[in-house]
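# Coordinate analysis (summary)
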Amino acid sequence: MLGLKKKHLAAGAVALGLGLQAATAGAQEFINVLTGGTSGVYYPLGVALSEIYGEKIEGSRTQVQATKASVENLNLLQQGRGEIAFALGDSVKLGWEGDTEAGFPGKLDKLRGIAAIYPNYIQIVASTDSGIKTLEDLKGKSLSVGAPASGTELNARAIFAAAGMSYEDLGKVEYLPFAESVELIKNRQLDATLQSAGLGVASIRDLSTSLAITVVAVPAEIVEKIGAPYMSATIPAGTYEGQAEDVNTAAVGNMLVTHADVSDETAYQMTKQLFENLDRLTAAHAAAKEIKLETATEGMPIPLHPGAERYYKEKGLL
């Protein structure tokens, strides 16, 4: 009888062990995609990515989280509260270095790279009525620089510093997401907005169809002063309604980032499915046209996740 009892206990322990293993395996397949505000580019791409992962990664459950973008996303990854996130390259670098002024509590040592994706263009747009045509003209005017300590706001700080200006030169500074900034401009309560996003961002398209806008240039010499990972780029004529000419600006590469506790297999699949379904991402937003396998490891300021590394080795990139 005692022997039988022992057998039952042993069987129960094995079953419990298997149950725990299954639960752990299941937990590894939960993929929370950290994006940005719903009016930016990260969000529609994140929705598409979560749908791809849900269909193509066996046993996975996915969800999309709208956030304040880069800085918040990286802090959430460090805490294990997301499996993959969109973030600007300079924010990733500052997070890895633990830059507290940029909004990081310390070195985010769990961050691991998945892929360098498309560039973000810093797009400074003013209502034509405001009379703003150059960076210098922003002095004394009101400008929204993005959510506090967001990747966009870090871009704003970098550009102002390189131009020899500061927020104190402005008449008023607003720290608002893209869509809210646009609403204030439409209501004549704000002169300009600085948005760091893929070309053709919905919020600025919406603004350009509502009133006359001026896209303000960031001259090449200012971009050179900032240095890497910033590069000089062009917002082509016709990107927004009424934009008759090409406009020079700064661009910064975007990254898809994960953390060290995500399993190698999940990170491998997240990388593989990203590049094998680029058509679906491009259908979600045109910015994805610039995502290319050949440049996926360029400028990554943190170590690649071993799962992503495996994929790139298979493809002959590493």
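Residues numbered from 1 in each chain as written. Predicted model: local features only at pLDDT ≥ 70, side-chain atom pairs only at ≥ 80, totals over all residues. Heavy atoms only, no water.

### What about the overall build of the protein?
How we decide: A run of DSSP states H or I qualifies as a helix once it reaches four residues; a run of E qualifies as a strand once it reaches two. Both are numbered from the N-terminal end. Buried residues are those whose accessible area, probed at 1.4 Å on protein chains only, stays under 20% of the maximum for their type, while exposed residues exceed 50% and partly exposed ones sit between those limits. We call two residues contacting when some pair of their heavy atoms lies within 4.5 Å. Under the convention used here, a 1.4 Å probe and the Shrake-Rupley method define accessible areas, while residue burial counts only the protein chains that appear. Just so you know, the count uses Lys and Arg for positive and Asp and Glu for negative, and it drops His and the chain ends. Charge positions come from single atoms, namely NZ of Lys, CZ of Arg, CG of Asp or CD of Glu.
If you tally the helices and strands in the protein, you get 11 helices and 10 strands. For the protein, the spread of C-alpha atoms along the principal axes amounts to about 90 × 35 × 35 Å. A burial count over the protein gives 51% of its 318 residues as buried. Taking the intrachain contacts of the protein between residues at least 6 apart in sequence as the baseline, contacts between residues at least 24 apart amount to 74%. Total accessible area on the protein is roughly 14000 Å²; 53% of this is exposed by carbon and sulfur atoms. A gap of 9 Å separates the mean positions of the 27 positive and 37 negative side-chain charges of the protein.

### Structural notes on the nonpolar core
Formally: Among buried residues, those of type Ala, Val, Leu, Ile, Met, Phe, Trp, Tyr and Cys that are joined through side-chain atoms within 4.5 Å constitute a nonpolar core.
Counting 99 residues, the largest nonpolar core has Y53, L138 and L281 as the members making the most contacts within it. Broken down by element, the residue count for this core peaks at 11 residues, all from strand β4 (residues 111-127). Beyond its immediate sequence surroundings of up to four residues, L281 is in contact with L45, A48, L49, I52, L274, A288 and I291.

### A short note on the side chain of N277
Assignment of secondary structure puts N277 in the loop between α9 (264-276) and α10 (278-284). When residues no more than four places from it in sequence are discounted, the contact partners of N277 are I52 and K56.

### Regarding the environment of A217
Among the structural elements, A217 can be located in the loop between β8 (213-216) and α8 (220-226). Overall, A217 belongs to the partly exposed group, its relative accessible area being 30%. Through-space distance from the C-alpha of A217 to that of I235 is 9.1 Å; in sequence the pair is 18 residues apart.

### A look at the packing of aromatic side chains
Note the threshold: Within 6.5 Å between ring centres, the rings of Phe, Tyr and Trp (the latter by its six-membered ring) count as paired, and their orientation is classed by plane angle as stacked under 30 degrees, edge-to-face over 60, tilted in between. Each ring is checked for a lysine NZ or an arginine CZ that lies within 6 Å of its centre and within 35 degrees of its normal; such an atom marks a charge sitting over the ring.
Summed over the entire model, instances satisfying the criterion amount to seven aromatic pairs. Aromatic pair F160 and Y167: ring centres 5.7 Å apart, planes at 80 degrees, arrangement edge-to-face. Residue F160 shares its accessibility class with Y167, and that shared class is buried. Judged by relative accessible area, Y167 falls into the buried class, the value being 17%. One aromatic cluster in this structure is built from Y268, F275, Y311 and Y312. Cation over ring: K107 sits above W96, and NZ or CZ is 3.5 Å from the ring centre.

### A word on the packing of helix α2 (residues 42-56) against α9
Keep this limit in mind: For helices, the axis comes from a line fit to the C-alpha atoms of the stretch in contact; other axes are also lines fit to C-alpha atoms, and the angle between any two N-to-C directions lies between 0 and 180 degrees. Any angle between 65 and 115 degrees counts as roughly perpendicular, while under 35 counts as roughly parallel, over 145 as roughly antiparallel, and the rest as oblique. By definition, turning the near helix anticlockwise from the far helix through less than a right angle yields a left-handed crossing, and turning it clockwise yields a right-handed one.
In the contact formed by α2 and α9, the axes pass within 10 Å of each other and the chain directions differ by 115 degrees. Classified by the interaxial angle, the pair formed by α2 and α9 is roughly perpendicular. Crossing handedness for the pair α2 and α9: right-handed. Packed against α2, whose contacting residues are L49, I52, Y53 and K56, the element α9 presents Q269, M270, Q273 and L274 at the interface.

### Details of the pattern of salt bridges
Let me state the cut-off plainly: In what follows, salt bridge is the name for a side-chain nitrogen of Lys or Arg lying within 4 Å of a carboxyl oxygen of Asp or Glu.
In total, this model carries 13 salt bridges according to the counting rule given. Among the salt bridges present, the one from E153 reaches R157, with a minimum N-O distance of 3.0 Å. A residue pair is termed a helical-turn pair when its members lie 3 or 4 positions apart in one helix, as E153 and R157 do in helix α5 (residues 151-162) at four residues. Among the residues examined, E153 registers a relative accessible area of 3% and is labelled buried. Of the residues examined, R157 reaches a relative accessible area of 32% and is grouped as partly exposed. Between E276 and K272 there is a salt bridge, and its shortest N-O distance comes to 3.2 Å.

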